[in-house]
Amino acid sequence: LTLRDANMAARHTWLWPAETPLPSITLRDLVDAEDGRRLVQQVIPTLQRDGAWYGSLRLLQPDGTFSPASVCAMASLYDDETYSFWCRDLSPVRE
């Protein structure tokens with residue numbers, strides 16, 4: 001689950017400058033340990049089977065904490081190993 005692209009909102013959140021390549025990082029690096037296991041055991045198999053997954057994950061923030069996010073993930077129609085993830089930070093909603 002290596003990141004190959006990130007929109008400007010993701011780059012802003014994780015402090016990745018727009019003009020630089022993404023760091024060598026995986027999606028598992030951006031979620032807590034429990035959600036990392038869920039990615040492998042539940043999310044990816046659901047994407048492979050159904051083509052989509054909706055749920056929540058706890059995403060790493062630049063300060064090292066984790067914040068809840070609503071996630072929509074879709075499998076690519078053209079590549080069996082490419083997935084798109086849209087994440088919405090829910091921490092302002094829960095505060």
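Caption draft 1: Expanded view of the sheet that holds strand 1 (residues 52–60). In spatial order, the strands read 1-2-3; together these three strands make up an open sheet with antiparallel pairing. On the outer flanks of this sheet lie strand 1 and strand 3 (83–89), each paired with one strand and no other. Between one strand axis and the next, the sheet turns by 30° as a mean value, whatever way the strands run. Relative to strand 3, strand 2 (residues 66–75) runs antiparallel, the two being bridged by seven bridges.

Caption draft 2: Layout of the confidence of the model for the chain. Summing up the model confidence of the chain, the mean pLDDT is 90 and the portion of residues at 70 or higher is 97%. Confidence, expressed as mean pLDDT per element, reaches its minimum in the chain at helix 3 (residues 91–94) with 67 and its maximum at strand 1 with 95.

Caption draft 3: Quick look at the nonpolar core. Trp14, Trp16, Leu39, Leu47, Trp53, Leu57 and Leu59 are the most contacted members of the largest nonpolar core, which totals 20 residues. Elements that contribute at least two residues to this core include exactly helix 2 (33–50), strand 1 and strand 2. No other element matches the four residues that helix 2 contributes to this core.

Caption draft 4: Up close: the side chain of Asp35. The topology assignment puts Asp35 in helix 2. Residue classification places Asp35 among the buried residues on the basis of a relative accessible area of 1%. At 2.8 Å, the side chain of Asp35 and the side chain of Arg38 are in polar contact. For Asp35, the contacting residues outside a window of four places in its chain are Leu57 and Arg58.

Cut-offs applied
- Residues numbered from 1 in each chain as written.
- Predicted model: local features only at pLDDT ≥ 70, side-chain atom pairs only at ≥ 80, totals over all residues.
- Heavy atoms only, no water.
- Pairing = 2+ DSSP bridges.
- Helix = DSSP H or I, 4+ residues; strand = E, 2+ residues; numbered from the N terminus.
- Axes fitted to C-alpha atoms, helices over the stretch in contact; angles between N-to-C directions.
- pLDDT = per-residue confidence, 0-100.
- Core = buried A, V, L, I, M, F, W, Y, C linked by side-chain atoms within 4.5 Å.
- Buried < 20%, exposed > 50% of the residue type's maximum accessible area, 1.4 Å probe, protein only.
- Polar contact = N/O pair within 3.5 Å; in protein donor to acceptor, adjacent residues only side chain to side chain.
- Contact = heavy atoms within 4.5 Å.

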